[in-house]
Amino acid sequence: MKIILLMVTSLDGKTTRWNESRIFQWTSKEDQDNFSSLIKKKSLLIMGRKTFDAAKKMIKLSPKILHVVFTTEPEKYLDLVVPGQLEFVNGSAINIINKLDDRGYKEALLLGGEHLNTEFFKEKLVNEVWLTLEPYLFGIGNQLVLSEKLNIDLTLQSITKLNKKGTLLLKYEANKN
Ligand SMILES: NC(=O)c1ccc[n+]([C@@H]2O[C@H](COP(=O)([O-])OP(=O)(O)OC[C@H]3O[C@@H](n4cnc5c(N)ncnc54)[C@H](OP(=O)(O)O)[C@@H]3O)[C@@H](O)[C@H]2O)c1
């Protein structure tokens, strides 16, 4: 399966402003529009439980899109499950992706956060990184990945300037080694 990691960060690599859980106070309208149109085109969206908690009010369920939320306590979310639309999973990223492969999914957007991203990178599951860079410095906040030893090699494929302020959409391909 092809997995594209989609995230927005500040210039200093923060995916949240300080300890705020919501990101839409500082992400540009252009990035939000880009995000909204992309997620409508993909049939599989993968996220960590904390990202789900931060975004759940905005998630619109549809039979065309499966949202997969990683949590060590899937039993806590049984009431929310809609098979094929919203599912809660526990386990290693590679096992879960293999199961989704078997169900016929060919492409996924990985939507964070840093815990889940790190696991996917460690398992070499990420094929592309699409990163929106917003021109802010926050100093404190979550990161794209945890502060752990990683060695992921990427090649830039394209740069798109999304607005006058200088929000950039950078698309990278992960080099397999
Ligand atoms: N700027 C951006 O583009 C962007 C994107 C996404 C998120 N965010 C922000 O980042 C924050 C959340 O990120 P985060 O790194 O703290 O959390 P996260 O990665 O979204 O979620 C971490 C949680 O995912 C579950 N998990 C991770 N790996 C698992 C595995 N292999 N098996 C089972 N469960 C697993 C665990 O849930 P349990 O605790 O339930 O077991 C863990 O506590 C939010 O504030 C969100 O707004 C920003």
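The structure under discussion appears in the preceding block.
About the cut-offs
- Residues numbered from 1 in each chain as written.
- Predicted model: local features only at pLDDT ≥ 70, side-chain atom pairs only at ≥ 80, totals over all residues.
- Heavy atoms only, no water.
- Near = heavy atom within 4 Å.
- Polar contact = N/O pair within 3.5 Å; in protein donor to acceptor, adjacent residues only side chain to side chain.
- Areas by Shrake-Rupley, 256 points an atom, 1.4 Å probe, with all protein chains shown as cover.
- Nonpolar A, V, L, I, M, F, W, Y, C, P; charged D, E, K, R; others polar.
- Core = buried A, V, L, I, M, F, W, Y, C linked by side-chain atoms within 4.5 Å.
- Buried < 20%, exposed > 50% of the residue type's maximum accessible area, 1.4 Å probe, protein only.
- Helix = DSSP H or I, 4+ residues; strand = E, 2+ residues; numbered from the N terminus.
- Contact = heavy atoms within 4.5 Å.

Undergrad: Sorry if this is basic, but what is going on with the site of the ligand here?
TA: What surrounds the ligand is a group of 24 residues, the closest being Val-8, Ser-21, Thr-51, Thr-71 and Thr-72. Within the contact set of the ligand, an oxygen atom lies 2.8 Å away from a side-chain nitrogen or oxygen of Arg-49. Contact between the ligand and Glu-119: a nitrogen atom at 2.8 Å from a side-chain N or O atom of the residue. In the complex, 87% of the free accessible area of the ligand, which totals 930 Å², lies under the protein chains. Across the shell around the ligand, the residue classes tally to seven nonpolar, 13 polar and four charged.

Undergrad: Help me out: how do you make sense of the nonpolar core in this one?
TA: Among soluble globular proteins, nonpolar side chains are generally buried collectively. Counting 26 residues, the largest nonpolar core has Leu-44, Ile-46, Val-68, Phe-70, Leu-100, Leu-110 and Phe-120 as the members making the most contacts within it. Elements represented by at least two residues in this core include exactly β1 (2-10), β2 (44-48), β3 (66-70), α3 (93-102), β5 (107-110), α4 (114-122) and β6 (128-134). Per-element tally for this core: the top contributor is α3, with four residues. Other than its neighbours up to four places away in sequence, Val-68 contacts Leu-44, Leu-45, Ile-46, Met-47, Glu-87, Val-89 and Leu-100. Membership of the second largest hydrophobic core comes to 14 residues, among which are Leu-6, Phe-52, Ile-65 and Leu-86.

Undergrad: Is there a simple way to think about the side chain of His-67 in this case?
TA: Within the fold, His-67 resides in strand β3. Classification of His-67 as buried rests on a relative accessible area of 4%. With residues near it in sequence (within four places) discarded, His-67 still touches Leu-45, Met-47, Ile-59, Lys-60, Leu-61, Gln-85, Leu-86 and Glu-87.

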